[in-house]
Structure formats: C-alpha cells, structure tokens
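# Coordinate analysis (summary)
Residues per chain, in single letters:
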Amino acid sequence: MVKAVVATGPDVPPQVCEIELPPVGPGDVRVRVAAAGVCHSDLSMVNGTLAPAFPLVLGHEAAGTVAEVGAAVTRVRPGDRVVLNWAAACGECWFCEEGEPWLCSAAEGAVSPPSGATLDGAALHACMGVGGFAEELVVAERSVVPLPASAPLDLSALLGCAVLTGIGAVRGTAGVRAGQSVLVVGLGGIGLSAVMGARLAGAATIIAVDRGAGKEGLARAAGATHYLESDPKLAKQVRALTGGRGADHAFECVGKADLIRTAWQSVRRGGQCTVVGVGARDDSVTFNALELFHFNRRLTSSVYGSSVPDRDVPLLVREIEAGRLDLATLVTHRIGLDGVPAAFDRMRDGRGARSLIEIGP
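Quick summary incoming for the structure in this document. Note that this is a predicted model, so its numbers are computed, not measured.

Moving on, we come to the pairing of strand S11 (residues 181-185). Of all 5 residues making up S11, 5 are buried, and the element is well covered by its neighbours. Burial along S11 is two-sided: Ser-181, Leu-183 and Val-185 facing one way and Val-182 and Val-184 facing the other are all buried. Pairing between S11 and strand S12 (residues 205-210): 5 bridges, direction parallel. Looking across to S12, one finds that Val-185 is bridged to Val-209. Between the parallel pair S11 and S12, the chain is carried across by helix H4 (residues 189-200), and the sense of this crossover is right-handed. The pairing of S11 with strand S14 (residues 247-252) spans 4 bridges and is classified as parallel. Its bridge partner lying in S14, Leu-183 is registered against Ala-250.

Quick look at the structure:
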C-alpha cells in the first residue's frame with residue numbers, strides 16, 4: 001500500500017488515500033517518487049475543463065528513483081533516477097514515423113487510462129498515464145526518461161511537463177531566434193519556462209504579462225526584460241516596446257479565448273502567435289477574413305513543446321550544469337501530498353508559480 005492523491009469526481013476536493021499498486025509486469029517499471037509538480041492540467045482534471053474517468057490518481061509531472069523493473073525492461077535498472085513522461089510515444093504510428101512523437105496516436109487523448117491500481121478494491125485511473133501524486137507508481141518502460149546524476153532530483157520533476165512544454169514551445173515549436181522580441185501571456189510554471197526559453201534563445205525583448213504586479217519578480221528572475229499587467233490595451237503597450245510593430249512571437253500560456261485574441265493582436269505583421277495553454281472546448285476565438293489576410297500572422301499551438309523527452313531532457317540538464325537554467329526560479333511553494341487542494345486554490349487565484357510536492361528521498 002502507498003499513499004496517493006485521489007480525485008473521486010469533478011469539483012470534489014482530492015484526498016490523500018492509501019492505494020494498492022499493480023504487480024510489475026515484464027515491460028513495467030516501479031518508481032519511488034521523489035517530487036511532483038502541480039500543473040494546471042491537474043486542476044483541469046477536477047474543474048470540468050477535461051473529462052477524465054474517476055477515481056483518478058492525480059499528477060503527471062514527476063521524478064524519482066527506479067525501485068523495480070520487469071524482466072523485459074532494458075532502458076533502466078533499480079537505483080536509476082528518472083523523469084516521468086506523460087506523453088510516451090509508441091514509436092510506430094504515422095506521427096512517430098514522421099518525426100512528430102508529441103502527436104503520437106497512442107498518447108493522444110490519454111487523459112486517464114486505467115492504472116491497474118486499486119482503491120478499496122475499486123479500479124483506479126492514472127492522470128495522463130502517470131498518476132504522479134503518489135509515493136510510488138507503476139508505468140510502462142517507455143514512460144520513464146533516464147535522468148543524469150548531475151541533475152537535482154526534486155527539481156527535475158519540472159522537466160516532465162512545465163520546462164519541456166514552455167522552453168520547447170519557444171525553441172522547438174516557434175523557433176525563436178536571437179535578437180527577436182517575445183511576448184509571454186500567463187506566468188504559471190509553463191509561462192515562466194517560456195520566458196526562460198526566450199532568454200536561452202537570445203531574444204532581445206522579452207515581455208511578460210500576468211494579472212496584477214505579483215508576478216513581476218518571478219518574471220524578471222526568469223529573464224523578462226519588461227513586465228506588464230494584463231490590460232485591454234495590451235497590444236498597444238506591446239507595440240510601444242517593439243518599435244511600433246508588435247512582437248515577433250507571442251505565447252499564450254493560459255488557454256483563454258480573450259487572451260489568445262490579445263496575444264494575436266500583439267504580434268507584428270508576419271509574426272507568430274503560439275497557443276500553449278489548454279482551453280475549454282466551448283471557449284471560442286474569432287477572426288475576420290480580412291485580418292487573417294492582412295496581418296499575415298501565423299497562429300499555431302504547441303503540444304508538449306514539440307519535445308522528444310529522450311533527446312531534450314539531457315539537453316536541458318546541460319543548461320542546468322552550465323548555469324544557464326535555474327529550475328528553482330519556478331518553485332514558489334514546497335508542499336506535501338496533503339497540500340494539493342491549497343495548491344489548486346493558489347492556481348485559481350493566480351498566486352505563485354509551481355507548487356512542488358516533496359514526496360520521498
């Protein structure tokens with residue numbers, strides 16, 4: 001039996017429960033979780049934005065140590081440190097063969113697959129196939145990414161989602177170049193990671209935006225050159241900071257139609273607006289046909305930062321080793337498993353950035 005944070009239904013506060021893990025199959029890995037980050041997608045599981053199956057072990061952004069492996073496992077062994085991969089690609093579908101594993105058909109829509117774990121005999125599901133808010137978990141071999149020994153194990157949990165997604169959106173999806181101007185709207189863990197990504201890419205102007213003044217210190221620590229409070233006149237303010245043109249790139253990291261529209265309007269002619277936040281299906285964004293032609297802007301989304309975790313996690317660790325990436329900047333609260341409901345409240349109110357759950361050694 002291990003402790004885990006379990007949600008039993010939408011809008012029902014999750015609770016810490018004891019669950020029974022499944023046995024380790026030939027291709028499985030049991031991981032002793034060291035830390036897990038509380039992501040907005042976890043909140044989306046219980047607030048109605050997504051529609052998972054319940055009961056559900058929450059959490060998908062985690063890191064830990066391998067405790068046991070199945071007979072057929074070859075990529076890790078007991079004692080290895082790993083990051084959990086919630087979008088583990090199959091390597092065989094059309095998207096994987098085309099070099100787009102972040103769009104893998106096997107991972108698409110896998111919001112809450114069965115985990116094999118049970119709660120009082122009832123079958124449990126795992127958030128994004130991981131269920132990281134737990135002392136231990138069992139996943140398929142392809143869901144673990146070996147972590148170099150030089151990386152801090154607790155903070156490396158953030159590599160599993162926020163950092164791969166935010167930095168990946170900037171460098172992988174959008175391809176921001178040195179000297180360009182970047183706007184980031186929404187400064188949770190992913191938005192702050194996008195700011196870090198813009199700095200790593202050599203952007204000359206990095207404009208960070210959030211509600212109120214509370215995030216300014218975090219934004220500047222992450223690398224922002226300017227901070228603006230969210231405002232209906234944001235596009236005009238951005239143009240004033242970018243030679244009257246608008247930003248070369250904008251990243252919307254919330255998933256709200258009005259903010260997507262604002263980010264789009266803040267981009268120069270010929271620039272690009274990338275939607276990183278996960279929004280609701282009934283929250284529509286509208287454009288008129290003339291503006292689409294006239295402004296020649298590109299509008300796209302970024303799924304998992306167009307990342308390949310086996311490739312990108314080691315690259316990010318090198319940035320950490322070189323002192324160019326400080327994951328501690330993203331963490332504003334360290335909590336236990338019982339602190340998840342309060343972390344969700346802070347997220348709803350826009351307070352702080354990442355809450356990091358400290359679970360084990």
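Glancing now at the sheet that holds S14. An order of S13-S12-S11-S14-S15-S16 is seen for the 6 strands of this open sheet, with the pairing classed as parallel. Two strands bound the open sheet, and with one partner strand each, they are strand S13 (226-229) and strand S16 (298-301). Strand-to-strand, the axes of this sheet are offset by a mean angle of 20°, without reference to chain direction. In this structure, S14 lies alongside strand S15 (residues 267-275), joined through 5 bridges in parallel fashion. Among the inter-strand pairings, Ala-247 is bridged to a residue of S15, identified as Val-267. Its contacts with the sheet place helix H6 (residues 234-241) against S11, S12, S13 and S14, and it is angled at close to 165° to S13.

Below, the discussion takes up the sheet that holds strand S7 (residues 114-119). Spatial ordering of the open sheet is given by S2-S1-S4-S8-S7, a layout of 5 strands whose pairing is mixed. Either end of the sheet is taken by a strand with one partner, and the two such strands are strand S2 (15-19) and S7. Summarising the sheet, strand S1 (residues 2-7) and S2 pair through 5 bridges and their orientation is antiparallel. Bridge assignment links Lys-3 to a residue of S2, and that residue is Glu-18.

Calculation rules
Residues numbered from 1 in each chain as written. Predicted model: local features only at pLDDT ≥ 70, side-chain atom pairs only at ≥ 80, totals over all residues. Heavy atoms only, no water. Buried < 20%, exposed > 50% of the residue type's maximum accessible area, 1.4 Å probe, protein only. Helix = DSSP H or I, 4+ residues; strand = E, 2+ residues; numbered from the N terminus. Pairing = 2+ DSSP bridges. Right-handed = clockwise from strand over helix to strand, strands pointing away. Axes fitted to C-alpha atoms, helices over the stretch in contact; angles between N-to-C directions. Contact = heavy atoms within 4.5 Å.

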